[in-house]
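# Architecture at a glance
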Amino acid sequence: MRQLGELETAVMDRLWSWDRPTSVREVLDDLNRERDLAYTTVMTVMDNLHRKGLLARDRDGRAYRYRPTGSREEYTAELMEAALATGGDRTAALLRFVDRMDRAEVAALRKALEAAGRRKKGSRQ
Amino acid sequence: MIAAGLLAGCAVFAATVGGWLLCRARWPQRAPVLGIAAWQALSLSTVLAVVLAGLVLAVPRSALGGGLAELVQSCVWALRAQYGPVGPLVGAAGAALAGGVSARAGWCLVAELVASVRARRRHAALLAPIARTDQRLQALVVPHQTTAAYCLPGPAGRVVLTTGALAVLDAHQLGCVLGHERAHLRWRHHLPVGLARALHRAFPGVPLLRHADQQIAELVEMLADDAATKHGDRHSYAAALVALVEGAAPARALAAGGPAALARVRRLVAPHRPLGMLRRSVTALAILALLALPVAVAATPAFVAAQLPYCPVDVTGLT
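Bear in mind that the values here come from a model prediction, so they are computed numbers and not experimental data. (Residues numbered from 1 in each chain as written. Chains lettered and ligands numbered in written order. Predicted model: local features only at pLDDT ≥ 70, side-chain atom pairs only at ≥ 80, totals over all residues.)

What follows deals with the overall build of chain B. Per the secondary structure count, chain B includes 13 helices and four strands. In chain B, which comprises 319 residues, the share counted as buried stands at 45%. (Helix = DSSP H or I, 4+ residues; strand = E, 2+ residues; numbered from the N terminus. Buried ≥ 20, exposed ≤ 12 C-beta atoms within 10 Å, placed from the backbone.)

The following block contains the structure:
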């Protein structure tokens with residue numbers, strides 16, 4: 001699982017930085033400068049990434065050419081948005097450290113913290 | 001009939017006044033574990049009371065009216081007198097109530113469980129291509145400027161942090177935030193939260209279950225706060241909480257975190273005074289009594305009947 005995740009990261013790093021339609025062979029050759037992977041392994045990883053929606057693909061002869069569906073920034077922002085989204089209809093799938101708030105509530109929070117900080121200093125003197 | 005009425009009365013009382021009282025109580029913040037137990041016991045007890053009320057109406061007509069009646073006719077009359085004579089319609093309504101409420105609760109529980117496990121798996125799969133495993137922190141780190149910290153519970157529980165969160169926390173604060181998330185994972189905090197959410201979904205109109213859902217979610221955070229700051233500075237940890245909120249994009253729609261986070265910060269910066277041993281014990285006993293109450297009310301008439309000289313029924317076999 002961790003191995004696979006690490007390989008997905010390596011593949012996406014390349015596709016995001018190259019930013020052009022790429023075949024499995026090209027990715028494999030680049031990865032294999034440092035390691036020794038089988039063609040089918042990389043093909044499976046890229047197929048997974050296609051299924052997860054990170055890669056789009058177009059047929060090119062007998063193989064596919066893959067390209068990222070969006071930028072790394074867009075993808076990450078969307079995923080973090082999904083993780084932190086506070087809606088009425090959410091499951092207890094994730095436990096967040098703290099939920100998001102609107103500006104007024106954040107200000108109230110800062111105020112409570114600073115008031116306590118002043119009290120603390122006051123009691124020390 | 002009396003038992004069914006009592007049980008229904010208990011359920012209505014617990015679902016309205018009980019929830020309201022526990023909402024106003026201050027002690028759960030001083031003993032979050034007991035607070036969670038109290039909310040859970042009150043919720044389960046209420047649902048159980050409704051199910052038992054239905055069963056009490058249904059049972060004299062079916063089980064006791066059938067096989068056992070042939071054995072000890074007089075005893076059945078005694079039992080009937082105790083539980084009150086009910087018509088076939090009332091009996092059927094009782095059975096429908098008991099069956100319906102149990103089925104609805106069970107179904108929503110399973111649905112919540114399945115949906116959470118799926119959502120977690122999906123999220124982990126989507127994280128894999130971008131997150132890096134940090135061996136030192138034992139956490140997944142996502143390169144992004146927003147300040148997020150959360151955990152994915154389950155057998156392969158993970159803590160997830162963004163680089164934005166790492167940037168605003170000092171070493172002590174980071175240790176505490178990781179401690180908070182690990183406490184969630186270690187003590188399986190997602191289970192009480194999921195149970196409360198499922199009951200709320202099953203019976204959305206019941207105020208008690210709505211409060212329980214919201215309060216339990218808040219109390220597990222306080223519980224994890226306590227675990228995280230066991231040996232740490234609570235004020236600096238509260239500052240970390242505020243920094244993480246400030247670094248995240250503000251909520252656009254209805255925010256869920258406002259009052260809950262404010263309660264946590266106030267609790268962290270105020271002098272820490274956990275509930276004393278005596279009050280803890282009394283509360284724990286009260287919670288156990290709360291759980292036993294519906295069963296006791298339902299079973300009492302049977303025991304009364306069994307005390308009658310002409311009724312040699314082993315009631316333990318009936319209830």
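On to the overall build of chain A, then. When helices and strands are counted, chain A shows five helices and four strands. In chain A, buried positions account for 30% of the 125 residues. Contacts spanning at least 24 positions in sequence make up 41% of the contacts within chain A whose residues lie at least 6 apart. (Contact = placed C-beta atoms within 7 Å.)

This part takes up the packing of helix 9 (residues 190-202) of chain B against helix 10 (residues 207-228) of chain B. All names here are of chain B. In contact at an axis separation of 8 Å, helix 9 and helix 10 are set at 165° when each is read in the N-to-C sense. Between helix 9 and helix 10, the angle falls in the class roughly antiparallel. Judged by the sense of rotation from one axis to the other, the crossing of helix 9 with helix 10 is left-handed. On the side of helix 9, the interface is formed by P192, V193, A196, R197, L199 and H200, while helix 10 contributes L209, R210, A212, D213, I216, A217 and V220. Here the residues of the contact of helix 9 with helix 10 sort into nine nonpolar, one polar and three charged. (Axes fitted to C-alpha atoms, helices over the stretch in contact; angles between N-to-C directions. Parallel < 35°, antiparallel > 145°, perpendicular 65-115°, else oblique. Left-handed = near helix turned anticlockwise from the far one by under 90°. Nonpolar A, V, L, I, M, F, W, Y, C, P; charged D, E, K, R; others polar.)

Here the focus is the interface of chain A and chain B. Contacts between the two partners involve 40 residues from chain A and, on the opposite side, 56 residues from chain B. Those elements giving two or more residues to the side of chain A that touches chain B turn out to be helix 1 (2-18), helix 4 (72-84), strand 4 (95-96) and helix 5 (103-124) of chain A. With ten residues, helix 5 of chain A is the largest single contributor of residues to the side of chain A that touches chain B. Looking at chain direction, strand 4 of chain A and strand 3 (residues 149-152) of chain B are connected through two bridges and run antiparallel. When the bridges of strand 3 of chain B are listed, R96 of chain A appears paired with Y150 of chain B. (Pairing = 2+ DSSP bridges.)

For the rest of this paragraph, the subject is the sheet that holds strand 3 of chain B. Backbone hydrogen bonds are what pair the strands of a sheet, in a parallel or an antiparallel way. Spatially, five strands are ordered 4(A)-3(B)-4(B)-2(B)-1(B) in an open sheet, and the strand pairing comes out mixed. The open sheet has two free edges, formed respectively by strand 4 of chain A together with strand 1 (132-134) of chain B, since each of these has just one partner strand. With four bridges joining them, strand 3 of chain B and strand 4 (residues 158-162) of chain B adopt antiparallel strand pairing. Across the sheet, C151 of chain B pairs through a bridge with V159 of chain B, a residue of strand 4 of chain B.

Turning our attention to the pairing of strand 3 of chain B. Burial along strand 3 of chain B is two-sided: the face carrying A149 and C151 of chain B and the face carrying Y150 and L152 of chain B are both buried. Remark: five residues form the turn of the hairpin made by strand 3 of chain B and strand 4 of chain B, two consecutive strands paired antiparallel; G154 of chain B in that turn has positive phi of roughly 125°.

Right, let's talk about the sheet that holds strand 1 (residues 22-23) of chain A for a bit. Residues and elements named next belong to chain A. Spatial ordering of the open sheet is given by 1-3-2, a layout of three strands whose pairing is antiparallel. Across the chains shown, the open sheet's two edge strands, defined by having one partner strand only, are strand 1 and strand 2 (55-60). With six bridges connecting them, strand 2 and strand 3 (residues 63-68) associate as antiparallel partners. Bridging across to strand 3, R59 finds its partner in Y64. Along the sheet face, helix 3 (residues 39-51) touches strand 2 and strand 3 and points at about 120° away from the line of strand 2.

A separate point is the nonpolar core. Among the nonpolar cores identified, the biggest contains 112 residues, and L7, A53, V56, V160, L241 and V245 of chain B are the most heavily contacted of them. Sorting elements by how many residues they give to this core places helix 3 (residues 32-58) of chain B first, with 18 residues. Those residues in contact with V245 of chain B that sit more than four places away from it in its chain are V98, M101, V106 and L109 of chain A together with A261 of chain B. (Core = buried A, V, L, I, M, F, W, Y, C linked by C-beta atoms within 7 Å.)

This part is about helix 6 (residues 88-127) of chain B. In this model, helix 6 of chain B (40 residues) spans 58 Å end to end at C-alpha, consistent with the 58 Å of a helix rising 1.5 Å per residue. All of the buried residues in helix 6 of chain B are G94, L97, A98, V101, A105, E112, S116, R120 and L127 of chain B. (Expected span 1.5 Å × (residues − 1).)

To continue, consider the environment of H231 of chain B. Residues and elements named next belong to chain B. Its location among the elements puts H231 in the loop between helix 10 and helix 11 (234-247). Overall, the presence of 8 C-beta atoms within 10 Å leaves H231 in the exposed class. A C-alpha to C-alpha distance of 9.3 Å links H231 and C176, two positions 55 residues apart in sequence.

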